[in-house]
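# Overview (structure and organization)
So the chains spell out like this:
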Amino acid sequence: MLSPARPRREPGGDPPCKFHPVKILSRYVLKEHLGPLTFALTALTSLLLLNYIAKQFANLVGKGIPWSAVADFFLLSIPFTVALTLPMAVLVATLHAFSRMASENEITALKASGVGLKSLMTPVLTAAACVTVFMIIFNDQILPRTNHQLAVLQSDIAQKKPTFALREQVINEVSPGKLFLRANRLDEGSNLMRGVTIYDMSDPTRHRTIYADSGNMALARNQSDLLMTLYHGTMQDVPVTNPDQLQRLFFNVDLVTVKGVANQFQKSGEGQSKGNREMSVCEMQREVMRGRADYMAARTEFLQGLQSARKNGVKLMPDLYTTDTRLPSSWSLGGLYCGLLSRIGVRKLGAQQPAPPIRGQRVRPVTPDRGADAPTVKAPGKVQGTPAVRTAAPARIYSKPDTAMSAQVTPSTLEVTRIRLADARTSIDGYEIEIHKKFALAVACFVFVMLGAPIALRFPRGGVGLTLGVSLFVFALYYIGLTAGAAAASAGLLPPYIAMWAANVIFGLVAVTLLWRMGKEGSTARGGDMAEVSESVKAWMKKQMRSRHLMRERRSDV
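First, a word on scope: everything that follows refers to the structure included in this document. (Residues numbered from 1 in each chain as written. Predicted model: local features only at pLDDT ≥ 70, side-chain atom pairs only at ≥ 80, totals over all residues. Heavy atoms only, no water.)

## As for the overall build of the protein
Scanning the protein for helices and strands turns up 13 helices and 6 strands. Expressed as a percentage of its 558 residues, the buried residues of the protein come to 40%. Long-range pairs, those at least 24 residues apart, make up 70% of the contacts in the protein with a sequence separation of at least 6. Put simply, the protein shows about 33100 Å² of open surface, and 60% of that area lies on carbon and sulfur atoms. (Helix = DSSP H or I, 4+ residues; strand = E, 2+ residues; numbered from the N terminus. Buried < 20%, exposed > 50% of the residue type's maximum accessible area, 1.4 Å probe, protein only. Contact = heavy atoms within 4.5 Å. Areas by Shrake-Rupley, 256 points an atom, 1.4 Å probe, with all protein chains shown as cover.)

Structure representation (structure tokens):
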């Protein structure tokens, strides 16, 4: 029997082609995810974006805003929408891809060929890790910048007044709260007015009323101010302090100017202050460090005041003694992240500049006798030994008790200090919540891949119903947990890192359990469909009802 001829290698030629099954399989699995991911991301982003634009439609239309500004508003609204929809799109793509492969027996064929589920999951998890890194960079650098530009644009749009228009036989508000106009007749073609009455409330010391037989109006050259020329009328002034006094002035021609009636839309610069959602991680981390310094200073002053009040016998409200004065946590995810950026040389971005030293703090290098809890910053310049965003140790903020101040402690001064303490704590928690949220949403992409694969392989014939149902259910639970965690952290019930990472940890544990069971099962990947899911739920509910019924019977027997 002849054996198949082996490919011959020509002298100086290339070796025969060799196929790499692992690379081909990885490309195939990732290709199966790419289409559903693109479709889900586009569809979800479009739906949320249209919903947001519809809510803002009234603020965009009818104000004479140029179409370029409307287009900028639309484009700047995309990034924060993508930050929400990308994790959900990853879950939809994972469910759809693995469900299709299992329903067409491709998973069974791969198992029969000796390809395990680990080989299938490796390229998907690697891609999920890359998406997570991309989302961290996106949430840290791109999203804050676009959010700030969008906030500035919204502020500019809010300041733009609609095109000036008057209605006859109606009191029209020309300038809000300052000037009102009523005309018996208006000629839109010539801007001629008949029977004009103007109520001028701009001066708080007097009320002025202008009556005119006729007049005309026009916009000034700057297309912002309104010019009204009045003919044959009177002007009456009544002082607020002496309403019995009346001053009347007759005129043949009078010119009234009202500023800013039809102002033009103008884009402002970047000088507007930033909120926490408009800051990068390292910008928020600097605010956290400042908040900690303020908190430690207020805490020292508050504790010294309480001690002095006890010594001097000053009566205080009971709630002052129960004030929460716990030390803020020195561990910070933002500090680790910004320190990593500093170590790898990321210094050109504005968000990664070293934090400036706080007034009153002494900046010193770390010495062995101070311990590891006394990191410092050499300002400004290169970081020596510690991350750039870490400031002087809280212990150096403590000051010696001031005997003069201690002798003058009153309940009101302690209350003011307590308010400072609470405000500093609230500021710290607010920035910490936003920092952890940026990372939690990014890591959710990796968690959802781990969760979606075993669910899809367990119910391969679920189809689109399973994909949409599980995606909506999981994402609804995730965002409920994220929102509830943010509320609990803002109220001081939970630390920010626990509140914002609880949903990821819970779903991650469920995903690891399902992956472990998926690897240990001995059956094929045929699984069931949505009917099996429904039957499983019904069986579980019947079991629970049966157990409750037995418990009631036992209690009645007792």
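## Here we look at unusual backbone geometry
Non-glycine residue Q169 carries a positive phi angle of around 60°. Of note, H232 is a non-glycine position whose phi angle comes to about 55°, a positive value. If you trace the backbone, H232 turns up in strand β5 (residues 226–239). Here H232 falls in the exposed class, since its relative accessible area comes to 52%.

## Here we look at a nonpolar patch on the surface
Together, W331, L336, L493, L494, Y497 and I498 line one region of the surface with nonpolar side chains, adding up to about 610 Å² of accessible area. Mapping W331 onto the fold places it in the loop between α7 (318–321) and α8 (333–343). Taking relative accessible area as the criterion, W331 reaches 44% and is therefore assigned partly exposed. (Patch = residues over 30% accessible without salt bridge, like charges linked within 9 Å, V, L, I, M, F, W, Y side chains within 5 Å. Salt bridge = Lys/Arg side-chain N within 4 Å of Asp/Glu carboxyl O.)

## Some words on the sheet that holds strand β3 (residues 192–200)
Pairing within the open sheet is antiparallel, and its 6 strands lie in the order β1-β2-β3-β4-β5-β6. Only two strands of the sheet have a single neighbouring strand rather than two, namely β1 (172–175) and β6 (247–258). Going across the sheet, the axis of each strand differs from the next one's by a mean of 30°, ignoring polarity. For β3 and strand β4 (residues 206–219), the ladder comprises 8 bridges, and the chain directions are antiparallel. When the sheet's bridge partners are listed, V196 is paired in β4 with A212. (Pairing = 2+ DSSP bridges. Axes fitted to C-alpha atoms, helices over the stretch in contact; angles between N-to-C directions.)

## Focus on α8
Summarising burial for α8: 8 of the 11 residues are buried, a large majority. Among the residues of α8, those classed as buried are L333, G334, G335, Y337, C338, G339, L341 and S342. Structurally, the start of α8 carries an N-cap: the backbone nitrogen of G334 is 3.4 Å from a side-chain oxygen of S332. Two residues or fewer past α8, G345 is found with a positive phi of approximately 95°. (Polar contact = N/O pair within 3.5 Å; in protein donor to acceptor, adjacent residues only side chain to side chain.)

## Remarks on the packing of helix α3 (residues 78–103) against helix α10 (residues 411–458)
Pairs of packed helices are described in terms of their axes, by the angle between the two and the distance that separates them. Where α3 meets α10, the axes come as close as 8 Å, and the angle between the chain directions of the two elements is 20°. By the angle between their directions, the pair α3 and α10 is classed as roughly parallel. Seen from above, α3 lies across α10 with right-handed handedness. Residues A83, P87, V90, L91, T94, L95, F98, S99 and A102 of α3 pack against L441, A444, C445, F448, V449, G452, A453, I455, A456 and L457 of α10. The residue makeup of the contact of α3 with α10, split by class, is 16 nonpolar, 3 polar and no charged. (Parallel < 35°, antiparallel > 145°, perpendicular 65-115°, else oblique. Left-handed = near helix turned anticlockwise from the far one by under 90°. Nonpolar A, V, L, I, M, F, W, Y, C, P; charged D, E, K, R; others polar.)

## Brief notes about the packing of aromatic side chains
The tally for this structure, following the rule as stated, stands at 11 aromatic pairs. When the ring of Y478 is compared with that of Y479, the centres are 5.7 Å apart and the planes differ by 90°; the resulting orientation is edge-to-face. On the basis of relative accessible area, Y478 is assigned to the buried category, the value being 1%. By way of ring pairs, the aromatic residues F448, F475, Y478, Y479 and F507 are connected into one cluster. (Phe/Tyr/Trp six-rings, centres within 6.5 Å; stacked < 30°, edge-to-face > 60°.)

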